[in-house]
Amino acid sequence: MSEFLLQAALYLGAGLVAVPLAIRFKLGSVLGYLLAGLCIGPALGLVSDTEDIQHFAEFGVVMMLFLIGLELDPKSLWDMRVRLLGLGGLQIILTTALIAGAGLFLGYDWRVSLAMGLVLALSSTAIVLQTLNEKGLMATGGGRSAFSVLLAQDIAVIPMLALLPLLPVMPDIIGQADGSIVRTSQLEAEADHHSLSLVANLPGWGVTLVTMAAVGSIVFVGRFLTHPLYHMIARTRLRELNTAFALFIVVSISVLMNLVGLSPALGAFLAGVVLASSEFRHEFESAIEPFKGLLLGLFFITVGAGIDVALLISAPLMILGATSALIIGKGLVLFILGWVFKLRERAHWLFTLSLAQAGEFGFVLISFAGQTQVFSPGLSQRLLLIVALSMLITPLLFILYERLTHRLGDVDHPEPDEINAQGRIIIAGIGRFGQIINRMLQAAGMQATVLDNDLDTIRLMRRFGYKAYFGDPSNHALLAAAGIAEAKVLIVAIDDTARAVDLVEYARRHHPDLHIIARARDRVHTYQLVRAGASNTVRETFDASLRAGRYVLQALDFSEFDAYEHEKAFFKHDRHILRELSDLWDPDVPISENRAYIERAKELERDLETQIVAAAEKEG
């Protein structure tokens, strides 16, 4: 126990030193964690056995996949089907074929070659997503495409795990590329740690059935049992129990997956997808997020500390050559797919360089392939080292991307969201003004389609459970996708006055029956919006000023009723003034020089005073 605590302290201390230095030199936190692991492992020899810590740290990957699943309900997955099946599916198929072909060329059995292709076709979800989020690249075209491929790969692990048990090379021997053989009795002696797996002695078809049963059980429990259990926990009003329940779900799934020889991370992802549409999704996110970040950092450190330097030194040309060939070959497949799917220049390079490595699921599949008599121990060790080195190189590829694209003139702006919901109400702009309207509509049981080009605001709204889409609200194509042709009401609440006027004008011209409510910054902006075709205009400070004026009157001993009547009379008169003066307003003449406008405004103000005095005398 004391040795475990000492190692944990070394891991945490190394991260606390290396990561701030890496961020200061703009290398990214992931490379800092990996270098910290290299220092305390192969370089200084402070830690030698990383297996115990790595099993613990792998929960970071498990939790990350669970959180990704929570963001994706089955409907969202269906909306992403083109990128998932097209871009992601083609990447897996083409990369597997390329690597399998290379394996056959090197003399490996076709089943071993196919298994190597499947293992190395996967990329590192942990490193890539962490780096994309850290550098603000997730919402760009390249970031979205990379995420789609990673998601397709994570899903593809299910059939891979089901397929590998069907590929044992021979029942008693496994061939090597150099012609030598290793008997499976040797493998069993070296792999006794797999004895806890319930599938250790099952035939291939039995393992496949157990895999499908495990996946089905996760779906069943998440669908039918989690809801009543959570409501029982929630009634205690103890926040720590919410956290304990979220962790219990993740840990229980991990135990189940280990028992049947499957990936805990994949099981957690499936559970997240099942729970994505639940009302307590955000409680799970807030409970697990802190644990995920810490354990994911530990996972990166264990990857660095676990690099087999002795094997690398014994065959440097072979290992480094194989790692380079993997990155170049995989990058070539990604580059071609990016060109086929018409990614822009910066997005194209980000997509290519970010996914060219192998991934953490490779560790799982290599171990599983060894257990199921597909890989020999020697081949497994070489593949594990190649996977780890490719992951170590990944942050350097992101640095290469930044250097490469620094010379490009265009900026890879975040891509707008794919809108998968249409309704009768569209809110264009979700600042303070639009948020209040949206909350009021939701309280009344109405659902609006919310559009805004502030990505941070959109993300914040999603964390609080509000559905919103990122994109320019004045973009005509985005409005069409949001269903403006069938909408009944358009609320224009964007900050840019000129764009607001243009949006109202466009909407009125193309949708004459649409009811348009627009926020105005001031009186002149109100005139512009009315001329553009707004059905109603609301000056952003006018109503608040009216309420403040009513409170002043009440403070000066007006009764609540009298103060309210004065407020109502002023509001009606101001509406009348706006309609009258809008006909005299000339956009080409400053108001201070428009004599007809000024004279009429004075007359209307005198009318207001006369009306208020007359009303007071009548009541008196």
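On a predicted model such as this, the values are computed, not experimentally measured, just so you know.

1. Description of the sheet that holds strand β7 (residues 515-520)
Link 1 in the chain: With parallel pairing, the 6 strands of this open sheet are ordered in space as β5-β4-β3-β6-β7-β8. Both outer strands of the open sheet, β5 (469-470) and β8 (536-539), are each paired with one neighbouring strand and no more.
Link 2 in the chain: In this structure, strand β3 (residues 425-428) lies alongside strand β6 (residues 489-492), joined through 4 bridges in parallel fashion. If you follow Ala 428 over to β6, its bridge partner there is Val 492.
Link 3 in the chain: Of the strands in this sheet, β7 and β8 are in contact with helix α24 (residues 523-532), which crosses β7 at around 160°.

2. Topic: the pairing of β8
Link 1 in the chain: Only one face of β8 is covered, namely the one carrying Thr 537 and Arg 539; the face carrying Asn 536 and Val 538 has none of its residues buried.
Link 2 in the chain: As paired elements, β7 and β8 share 4 bridges and run parallel to each other. Across the sheet, the residue bridging to Ile 517 is Asn 536, located in β8.

3. A look at the packing of aromatic side chains
Link 1 in the chain: Counted by the stated rule, this structure contains 6 aromatic pairs.
Link 2 in the chain: With centroids separated by 6.2 Å and ring planes inclined at 40°, the aromatic side chains of Tyr 33 and Phe 300 adopt a geometry described as tilted. Of the two residues, Tyr 33 sits in helix α2 (residues 29-43) while Phe 300 sits in helix α14 (residues 281-305), which places them 267 residues apart along the sequence. This pair shows no difference in class: Tyr 33 is buried, exactly as Phe 300 is.
Link 3 in the chain: Clustering of aromatic rings is evident, with ring pairs tying together Tyr 33, Phe 299 and Phe 300.
Link 4 in the chain: A cation over a ring is seen here: Arg 539 above Phe 542, with NZ or CZ 4.2 Å from the ring centre.

4. Digging into the nonpolar core
Link 1 in the chain: Counting 123 residues, the largest nonpolar core has Phe 66, Leu 132, Phe 284, Phe 300 and Phe 375 as its most contacted members.
Link 2 in the chain: Broken down by element, this core gets its largest block of residues, 12 residues, from helix α19 (residues 377-406).
Link 3 in the chain: Beyond its immediate sequence surroundings of up to four residues, Phe 300 is in contact with Val 30, Tyr 33, Leu 34, Ala 126, Ile 127 and Gln 130.

5. Focus: the pairing of β6
Link 1 in the chain: Bridge count between β6 and β7: 4 bridges; the pairing is parallel. Residue pairing in the sheet places Val 492 in a bridge with Ala 518 of β7.

6. Topic: a nonpolar patch on the surface
Link 1 in the chain: A cluster of nonpolar side chains, contributed by Leu 90, Ile 93, Leu 94, Leu 332, Ile 336, Trp 339, Val 340 and Phe 341, occupies part of the molecular surface with about 790 Å² of accessible area.
Link 2 in the chain: Secondary-structure elements contributing two or more residues to the nonpolar patch are α6 (81-105) and α16 (316-340).
Link 3 in the chain: Broken down by element, the nonpolar patch gets its largest block of residues, 4 residues, from α16.
Link 4 in the chain: Tracing the sequence through the fold places Leu 90 in helix α6.
Link 5 in the chain: Overall, the relative accessible area of 35% leaves Leu 90 in the partly exposed class.

7. Some thoughts on the pattern of salt bridges
Link 1 in the chain: One pass over the structure, following the stated rule, counts 6 salt bridges.
Link 2 in the chain: The residue Asp 109 makes a salt bridge to Arg 111 at a minimum N-O spacing of 3.0 Å.
Link 3 in the chain: With relative accessibility at 27%, the residue Asp 109 sits in the partly exposed group.
Link 4 in the chain: With a relative accessible area of 21%, Arg 111 lands in the partly exposed category.
Link 5 in the chain: Between Lys 135 and Glu 402 there is a salt bridge; the shortest N-O distance is 2.9 Å. Residue Lys 135 is found in the loop between α8 (125-134) and α9 (141-163), and its partner Glu 402 is found in helix α19; the two are separated by 267 residues along the sequence.
Link 6 in the chain: A relative accessible area of 25% places Lys 135 in the partly exposed class.

8. Re α14
Link 1 in the chain: With 25 residues, α14 extends 35 Å from end C-alpha to end C-alpha; this agrees with the ideal 36 Å at 1.5 Å per step.
Link 2 in the chain: Of all the bends in α14, the greatest reaches close to 40° and is centred on Ile 288; the proline Pro 290 follows between one and four positions later.

9. Here's the deal with the side chain of Lys 292
Link 1 in the chain: Following the sequence through the fold, Lys 292 ends up in helix α14.
Link 2 in the chain: Accessibility expressed as a relative area gives 13% for Lys 292, which makes it buried.
Link 3 in the chain: Leaving out residues up to four positions away in the same chain, Lys 292 has contacts with Gly 60, Met 63, Met 64 and Leu 67.

10. Quick look at unusual backbone geometry
A negative phi angle characterises most non-glycine residues, just as the trans form characterises most peptide bonds.
Link 1 in the chain: Despite not being glycine, Lys 342 shows a phi value in the positive range, around 60°.
Link 2 in the chain: Here Lys 342 is to be found in the loop between α16 and α17 (345-354).
Link 3 in the chain: Taking relative accessible area as the criterion, Lys 342 reaches 74% and is therefore assigned exposed.
Link 4 in the chain: The phi torsion at Asp 557 lies on the positive side, around 75°, for a residue other than glycine.
Link 5 in the chain: By the element assignment, Asp 557 lies in the loop between α25 (542-555) and α26 (560-584).

11. As for the confidence of the model for the chain
Link 1 in the chain: Summing up the model confidence of the chain, the mean pLDDT is 80 and the portion of residues at 70 or higher is 85%.
Link 2 in the chain: When mean pLDDT is taken per element in the chain, α16 scores highest with 94 and helix α10 (residues 184-190) scores lowest with 38.
Link 3 in the chain: Under a pLDDT of 50 for its full length, residues 170-196 has, in the predicted model, 41 contacts with residues more than four places off or in other chains.

12. As for α16
Link 1 in the chain: A rise of 1.5 Å per residue sets the reference length of α16, with its 25 residues, at 36 Å; its end C-alpha atoms lie 36 Å apart and thus fit the reference within 8%.
Link 2 in the chain: Burial in α16 covers these residues: Ile 319, Thr 323, Leu 326, Ile 327, Gly 329, Lys 330, Gly 331, Val 333, Leu 334, Leu 337 and Gly 338.
Link 3 in the chain: Against α6, α7 (110-121), α15 (309-314), α17 and α19 lie the buried residues of α16.
Link 4 in the chain: Phi turns positive one or two residues past the end of α16, at Lys 342, with a value near 60°.

13. What to know about the environment of Gly 41
Link 1 in the chain: For Gly 41, the location among the structural elements is in helix α2.
Link 2 in the chain: Judged by relative accessible area, Gly 41 falls into the buried class, the value being 7%.
Link 3 in the chain: For the pair Gly 41 and Gly 306, spaced 265 residues apart in the sequence, the C-alpha separation amounts to 6.9 Å.
Link 4 in the chain: Contact partners of Gly 41, with chain neighbours within four places excluded, come to Leu 46, Val 47 and Ala 305.

Analysis parameters
Residues numbered from 1 in each chain as written. Predicted model: local features only at pLDDT ≥ 70, side-chain atom pairs only at ≥ 80, totals over all residues. Heavy atoms only, no water. Pairing = 2+ DSSP bridges. Helix = DSSP H or I, 4+ residues; strand = E, 2+ residues; numbered from the N terminus. Contact = heavy atoms within 4.5 Å. Axes fitted to C-alpha atoms, helices over the stretch in contact; angles between N-to-C directions. Buried < 20%, exposed > 50% of the residue type's maximum accessible area, 1.4 Å probe, protein only. Phe/Tyr/Trp six-rings, centres within 6.5 Å; stacked < 30°, edge-to-face > 60°. Lys NZ or Arg CZ within 6 Å of the ring centre and 35° of its normal. Core = buried A, V, L, I, M, F, W, Y, C linked by side-chain atoms within 4.5 Å. Patch = residues over 30% accessible without salt bridge, like charges linked within 9 Å, V, L, I, M, F, W, Y side chains within 5 Å. Areas by Shrake-Rupley, 256 points an atom, 1.4 Å probe, with all protein chains shown as cover. Salt bridge = Lys/Arg side-chain N within 4 Å of Asp/Glu carboxyl O. Expected span 1.5 Å × (residues − 1). Bend = angle between axes of the 7 residues up to and from the residue. pLDDT = per-residue confidence, 0-100.

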